[in-house]
There are 4 protein chains.
Amino acid sequence: MIRAGVIGCGYWGPNIIRNFHYVDNIEVISVCDKNEKPLKEITRTYPSLKTFTDYREVTTAKDIDAVAIITPVNTHYEIAKSALENGKHIFVEKPFTATVREAEELIALADKKNLKIMVDHTFLFTGAVRKIKELVDANELGELYYYDSTRVNLGLFQYDVNVIWDLAPHDFSIMDHIITAEPIGVSAHGIAHFKKECEDLAYVTVYFEENLIAHFNFNWLSPVKIRKTLMGGKNKMLVWDDIEADEKIKVYDKGVNIESREGLYDLLVEYRSGDMFSPRVDHKEALRLEVETFSDYIVNGGDIINDGQAGLRVVKLLEACGASLKNNGKYIKLK
Amino acid sequence: MIRAGVIGCGYWGPNIIRNFHYVDNIEVISVCDKNEKPLKEITRTYPSLKTFTDYREVTTAKDIDAVAIITPVNTHYEIAKSALENGKHIFVEKPFTATVREAEELIALADKKNLKIMVDHTFLFTGAVRKIKELVDANELGELYYYDSTRVNLGLFQYDVNVIWDLAPHDFSIMDHIITAEPIGVSAHGIAHFKKECEDLAYVTVYFEENLIAHFNFNWLSPVKIRKTLMGGKNKMLVWDDIEADEKIKVYDKGVNIESREGLYDLLVEYRSGDMFSPRVDHKEALRLEVETFSDYIVNGGDIINDGQAGLRVVKLLEACGASLKNNGKYIKLK
Amino acid sequence: MIRAGVIGCGYWGPNIIRNFHYVDNIEVISVCDKNEKPLKEITRTYPSLKTFTDYREVTTAKDIDAVAIITPVNTHYEIAKSALENGKHIFVEKPFTATVREAEELIALADKKNLKIMVDHTFLFTGAVRKIKELVDANELGELYYYDSTRVNLGLFQYDVNVIWDLAPHDFSIMDHIITAEPIGVSAHGIAHFKKECEDLAYVTVYFEENLIAHFNFNWLSPVKIRKTLMGGKNKMLVWDDIEADEKIKVYDKGVNIESREGLYDLLVEYRSGDMFSPRVDHKEALRLEVETFSDYIVNGGDIINDGQAGLRVVKLLEACGASLKNNGKYIKLK
Amino acid sequence: MIRAGVIGCGYWGPNIIRNFHYVDNIEVISVCDKNEKPLKEITRTYPSLKTFTDYREVTTAKDIDAVAIITPVNTHYEIAKSALENGKHIFVEKPFTATVREAEELIALADKKNLKIMVDHTFLFTGAVRKIKELVDANELGELYYYDSTRVNLGLFQYDVNVIWDLAPHDFSIMDHIITAEPIGVSAHGIAHFKKECEDLAYVTVYFEENLIAHFNFNWLSPVKIRKTLMGGKNKMLVWDDIEADEKIKVYDKGVNIESREGLYDLLVEYRSGDMFSPRVDHKEALRLEVETFSDYIVNGGDIINDGQAGLRVVKLLEACGASLKNNGKYIKLK
């Protein structure tokens, strides 16, 4: 039995606790928050939990094997480091850390101590993303041409991060999971209407060595909620609309057949317009599956899709976006 | 009665001819195309038209007052110049010209000769754009925060232009019409999958001096057709979905009330979520209204919204996009 | 403080208990179910609840003031009667009773004992129905022409009732609430594919004395979920789409202006096509508001929209549907 | 070469003429309308057409082999009879005739004279209906449970027919084509708000001997346009949404598996929720295909899907609806 402590009891923390409860191998023992109020709330439902307001009471506790860190990103490094130093496995809310350097240091520390890191890239465990990954891995789409994602709504302003640090960890972790090609450069454009350097909408382009491009539209000021990703491939194209209750994924047997011959104008273009197919998507709660995976990862080891390295790759993209944003979208090399 | 000649009888030319026919003050006399086939087609419907395969027969004809140039963009300058030099008013398919220099030269020539130029920014005459312009001019949205447009579908490949030159003239002319602020810089990202330097998808960001940003998503490789523009303002937000048969425009009484006080974290954020309103949009054919305006412009003068200067402003943006595209989205200053 | 007992802990019961908990004036003391399992589940969350498997332990308990009856409809009468006879107010799951006679008897009994009956027509307390009622009462639509509702999906088969008894209580209670005119006749068509006399889809027409008609499409075998109601009036028309997350209600300034003159063919028909308006809908949980109303009703009396009489009117329609169904849709007079 | 005359030049007539023009084997020679105005219009496009205002000039003309009758339904019989008596094949706008008796008489007359009748059930030639027919014939859906169609919008009032005679010919002809089972009874409910006995909305139920039901919702007073048909089968379910530009047809691998054992309550119900499939639908103009079929039918004979018998079956349903409407939806036996 893995004895876990949860640090951070805001919006997401209670979901973590609820799901830890459902998993056989994990038992939540302690819970911590800077404020008393959420602790009171949570013990109404789970009266046996020990509560603390100082995270060190959890990260250093003898009866704790793993710590879930569900706090603002700028606190991740300090708490995670303390947990690892005291021999605890960690489950860290996304984004993993506030800087690349922090992430690298935590990974090295965990390696040294033989501890596990899981970054909470929950979306990777949704039925939709699992199905898309399955389709892409089976080469259903063929060679990928582009990945184009829109994630906009009337958003909750974050006080410590801009719209990219708020929304992009979802999309970057998904892109990182689905696309095996490596990004080589990033460009980000944005604007801050209300608070300096706190962009409330932003546009990110990711370049790859292959003939592939990714683009992201993030916006906290949209009157309508859009969660739509288009992926174009040589054989088929895919639209993932996460707002749809059913038919989240549609695969189109549409495309362009182009034969390139010699000469500039000597292209033979043919359009294909075929059937559309919308695969059934599993409805199992993503967080449940993720937490089960965390438990299994601690006990049995192996590889997971959202380890520290995955977290680091996302933070690298976020950091590069920041550098680009400050320079009118300057191209930032990733490698 | 204005006697007109139409040069170019491809996809769009016959629509011009049909609409010229309906306007009282204009009579189409001549029509020209490099190929005989479309000329034969058109005279089946309009047997009295004179047909030519050399455009000079139209631009130099004594019985012609105005010339409509509905040919590929790289031919506009040559034909337009010939028409103006021979004292004809011109109606030019968008984009106005292939370069800024060409546009400036044609405008100067027309001014000198006291001739009129209209650029075929048809969209400005649609019920939807007229309604949006009316709402924005009445300050319904309040101070503008952003303009965000997506225009994607499985597109017809153009052999001489990339996706920006193909699709952006629509959106740039609309943005130019609706937003009175002046753009100061442009950045464009894109990728060409099939033909070198012929981007089939591209993302454009336009910066303004004011606290305003515009963004455009152009894509010839999308399995679904999207024609959606979001505009966020301080008071209200607007969504224009041109695919919708009815309810093309929705105005949301949604927004963010933010009081900025001193200190970095001292913001008071309040969300507003109110009613939505979808104004009736006039269904009159845009091209009809445009052609009537052209006739009136020639006869009575005055100002129009799609004169040579408007055409030039769009070409400036297009040219800047090209420069940016070649440099991984480098920021190109406009002024 | 009203001390309440809840009988029936299946799908809906726990929602009742949760909402009773949130209302200041009500305290749930006892809970009853035929099966031990749901009782165990519920006491995990609410450990202080007394549990019973025999409903009489609740209906006859001295420490109980009000009983919520959340059991299958064929048991309502027996349990409700016992509760009323023992001086308890009752909150009864819809449909109120299995027959008109039962409903009338319970109402008479409550009147005699000076006890309150509330029938759980939850939908009446949703933001959408409250807004529609407000619009209709303000005569926004003008004289009503029709009420047309579709409620279909891949449904849960009920073992004791057909699709009309399952789904129609929602729509009949809403129609009864919104339309003040009285129905005079009913016709119902249906078909049972799997179990004799258990129709899995059905169509109901309700006639009114006024020039008004209502129609309902109920279906347990639809691959898609539709919850759509159209209401046409002389001035405006309304569409309520309950599947929509936002924009549930749309009011169209569309209609037909008809001047009837003499002679059969002497009609002057003019169509109006104006703006559309989608009012903001309150998101407060309907059941919360309903339970608060129940508490207030017991304490302060007055009139409520879902009393025993409202329950009876719905049962009358259901009973008439049954008679019609058995006779190929024969018209059944209601008065 | 079949020499054709077209009688009736209102809304639909010019489409017939245009399509006749495209078919190699047919030549339109004469056109007739009671009014001079549409005749003038049509000869502007087709100057060689002979024009008449008396239909007899067409039905009795020696140079005419086939007559298209595109006039109001109450004139079909008289004109068709005259055409057949004079040895002309006929193409008759739907509905075929105003009464069953008329249809039977025309069929008998054509048989006697060895002439062909085609009724203009255009919808049968659309890509959507052809695809649905193909799927149903291939038993994709399995045993059919129901056919449920909604055809509503803000409609054009007809002066001579009610909403059923206006809209139902579409749906009845489609149902008749797709479902091989024979209808045994009809019930229709409706209401007339503006002109006596001219129902502006109506609901029709069709009963079959098999365990199958069909239902139709017709409405001229809907603020929104809906053209949606649901078909439920034992294996799969289908939704046809004719408003959709793409994805008109969706086939759902959803259903109910029910094992009926002994006893009333002894059903084992299992729901299936699988993939969805949206087949590509051919976009060829339906009327073109229909007119080609007419030409082929005259020349080569054989069987067609919209002969006089098909027209008669639709008229039988329409007539039965009328009888039912007058009696509050009384069940009218068809056989």
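Since this is a predicted model, take the numbers as computed values, not measurements.

Calculation notes
Residues numbered from 1 in each chain as written. Chains lettered and ligands numbered in written order. Predicted model: local features only at pLDDT ≥ 70, side-chain atom pairs only at ≥ 80, totals over all residues. Helix = DSSP H or I, 4+ residues; strand = E, 2+ residues; numbered from the N terminus. Rg over C-alpha atoms; globule rule 2.2 N^0.38 Å. Buried ≥ 20, exposed ≤ 12 C-beta atoms within 10 Å, placed from the backbone. Pairing = 2+ DSSP bridges. Axes fitted to C-alpha atoms, helices over the stretch in contact; angles between N-to-C directions. Contact = placed C-beta atoms within 7 Å. Parallel < 35°, antiparallel > 145°, perpendicular 65-115°, else oblique. Nonpolar A, V, L, I, M, F, W, Y, C, P; charged D, E, K, R; others polar. pLDDT = per-residue confidence, 0-100. Domains from an automatic or database assignment. Expected span 1.5 Å × (residues − 1). Left-handed = near helix turned anticlockwise from the far one by under 90°.

Enquirer: Quick one: what's the story with the overall build of chain A, residue by residue and with numbers?
Expert: Within chain A, the secondary structure is distributed over nine helices and 15 strands. Since a compact globule built from 335 residues should have a radius of gyration of about 20 Å, the 21 Å found for chain A is in line with a globular shape. The principal-axis extents of the C-alpha atoms in chain A amount to approximately 70 × 45 × 40 Å. Out of the 335 residues belonging to chain A, those deemed buried represent 51%.

Enquirer: Tell me about the sheet that holds strand S2 (residues 26-32) of chain D, and please be specific about residues and values.
Expert: Residue and element names in this part refer to chain D. Reading across the sheet, the six strands line up as S3-S2-S1-S4-S5-S6 and stay open at both edges, with parallel pairing between neighbours. The open sheet is flanked by strand S3 (50-52) and strand S6 (117-120), the only strands paired with a single partner. Neighbour-to-neighbour, the strand axes of the sheet open up by a mean angle of 25 degrees, direction not taken into account. Judged from the four bridges that link them, strand S5 (residues 89-93) and S6 form a sheet pairing that is parallel. Pairing of Glu93 across the sheet is with Asp120, part of S6. This element, helix H4 (residues 76-85), spans strand S1 (2-7), strand S4 (66-69) and S5 of the sheet and lies at about 165 degrees to S5.

Enquirer: Outline the sheet that holds strand S1 (residues 2-7) of chain B, supporting the account with residue identities and numerical values.
Expert: Note on sheets: strands pair through backbone hydrogen bonds, and any given pair is parallel or antiparallel. Residue and element names in this part refer to chain B. Pairing is parallel in the open sheet, where six strands are placed in the order S3-S2-S1-S4-S5-S6. On the outer flanks of this sheet lie strand S3 (50-52) and strand S6 (117-120), each paired with one strand and no other. Strand-to-strand twist across the sheet, computed as the mean angle between neighbouring axes with direction ignored, equals 25 degrees. Two elements, S1 and strand S4 (residues 66-69), share four bridges in a ladder whose sense is parallel. Its bridge partner lying in S4, Gly5 is registered against Val67. Across the sheet, helix H4 (residues 76-85) touches S1, S4 and strand S5 (89-93), and the angle it forms with S5 is around 165 degrees.

Enquirer: Describe the packing of helix H5 (residues 100-113) of chain A against helix H9 (residues 308-325) of chain A, with residues and values.
Expert: Residue and element names in this part refer to chain A. Running from N to C, H5 and H9 cross one another at 170 degrees; their axes reach a closest spacing of 9 Å. Our classification of the angle between H5 and H9 gives roughly antiparallel. Residues Val100, Ala103, Glu104, Leu106, Ile107 and Ala110 of H5 form the contact with H9, whose participating residues are Gly308, Gln309, Gly311, Leu312, Val315, Lys316 and Glu319. Of the residues belonging to the contact of H5 with H9, the class tally is seven nonpolar, three polar and three charged.

Enquirer: I'd love a proper account of the confidence of the model for chain A, names of residues and values included.
Expert: On average, chain A scores 93 in pLDDT, and the residues at 70 or more come to 95%. Two summary scores accompany this predicted model of the complex, namely pTM at 0.93 and ipTM at 0.93.

Enquirer: Go over the environment of Val314 of chain C, please, and point to the residues and values.
Expert: Residue and element names in this part refer to chain C. By secondary structure assignment, the location of Val314 is in helix H9 (residues 308-325). You can call Val314 buried: it has 27 C-beta atoms within 10 Å. C-alpha of Val314 to C-alpha of Ile191: the two residues are 123 residues apart in sequence and 22 Å apart in space. In this structure, Val314 is in contact with Pro95, Phe96, Pro169, Phe172, Ser173 and Asp176, ignoring residues within four places of it in sequence.

Enquirer: Describe the pairing of strand S10 (residues 213-219) of chain D, naming the residues involved and giving the relevant values.
Expert: All names here are of chain D. The element S10 is largely enclosed, with a buried count of seven among its seven residues. As defined by bridge partners, strand S7 (residues 144-154) adjoins S10 across seven bridges and the pair is classed as parallel. Paired with Thr150 across the strands is Asn217, a residue of S10. Two strands pair when backbone bridges link them, and strand S9 (residues 201-208) and S10 are joined in this way by seven bridges, in the antiparallel orientation. Within S10, the position partnered with Ala202 by the bridge is Phe218. Counted along the chain from S9 to the antiparallel partner S10, the turn is four residues long.

Enquirer: Describe the domain arrangement of chain A, listing the residues and the values that go with them.
Expert: Residue and element names in this part refer to chain A. According to the domain assignment, chain A contains domain 1 (2-115) and domain 2 (124-283 + 316-333). Put simply, the middle of domain 1 and the middle of domain 2, counted by C-alpha atoms, are 31 Å apart. Of the residues lining the interface, seven residues belong to domain 1; the matching set on domain 2 comes to eight residues. Classifying every residue of the side of domain 1 that touches domain 2 by side-chain character gives four nonpolar, two polar and one charged.

Enquirer: I'd love a proper account of helix H8 (residues 286-300) of chain B, names of residues and values included.
Expert: All names here are of chain B. Over its 15 residues, H8 runs 21 Å from end to end, which matches the ideal 21 Å to within 8%, given 1.5 Å per residue. Residues Ala286, Glu290, Val291, Phe294, Ser295 and Tyr297 constitute the buried set of H8. Looking at the buried side of H8, the elements it contacts are S1, helix H1 (13-22), strand S2 (26-32), S5 and S6. One or two residues past the end of H8 sits Gly301, with phi positive at roughly 70 degrees.

Enquirer: Tell me about the packing of helix H7 (residues 163-178) of chain B against helix H9 (residues 308-325) of chain B, and name the residues and values.
Expert: Axes are the key here: two packed helices are described by the angle between their axes and the distance separating the axes. All names here are of chain B. Viewed as axis vectors pointing N to C, H7 and H9 meet at an angle of 130 degrees, and their least axial separation amounts to 9 Å. One element, H7, and the other, H9, form an angle in the oblique class. At the point where H7 passes H9, the crossing takes the right-handed sense. Two secondary-structure elements touch here, H7 through Ile164, Trp165, Ala168, Pro169, Phe172, Ser173 and Asp176 and H9 through Ala310, Arg313, Val314, Leu317, Leu318 and Cys321. When its residues are assigned to classes, the contact of H7 with H9 shows 10 nonpolar, one polar and two charged.

Enquirer: Could you give an account of unusual backbone geometry, naming the residues involved and the relevant values?
Expert: For the bond running from Lys94 of chain A to Pro95 of chain A, omega is -10 degrees, close enough to zero to count as cis. Topologically, Pro95 of chain A is positioned in the loop between strand S5 (89-93) and H5. Positive phi outside glycine occurs at Glu247 of chain C, with the angle close to 55 degrees. Among the secondary structure elements, Glu247 of chain C is positioned in the loop between strand S12 (237-241) and strand S13 (249-260). Judged by local crowding, Glu247 of chain C falls into the buried class, with 20 C-beta atoms found within 10 Å. Not every positive phi belongs to a glycine, and Asn328 of chain C is a case in point at roughly 55 degrees. Position of Asn328 of chain C among the secondary structure elements: in the loop between H9 and strand S15 (332-333). Since 19 C-beta atoms lie within 10 Å of it, Asn328 of chain C is described here as partly exposed.

Enquirer: Summarise helix H9 (residues 308-325) of chain D; cite the residues concerned and give the values.
Expert: Over its 18 residues, H9 of chain D runs 26 Å from end to end, which matches the ideal 26 Å to within 8%, given 1.5 Å per residue. When you tally the buried positions in H9 of chain D, you get 15 out of 18 residues, the bulk of the element.

Enquirer: Lay out the environment of Pro14 of chain B with the relevant residues and their values.
Expert: Residue and element names in this part refer to chain B. If you trace the backbone, Pro14 turns up in helix H1. Sequence separation between Pro14 and Val31 is 17 residues; the distance between their C-alpha atoms is 9.9 Å. Leave out the neighbours within four places in its chain, and Pro14 touches Cys9 and Ile42.

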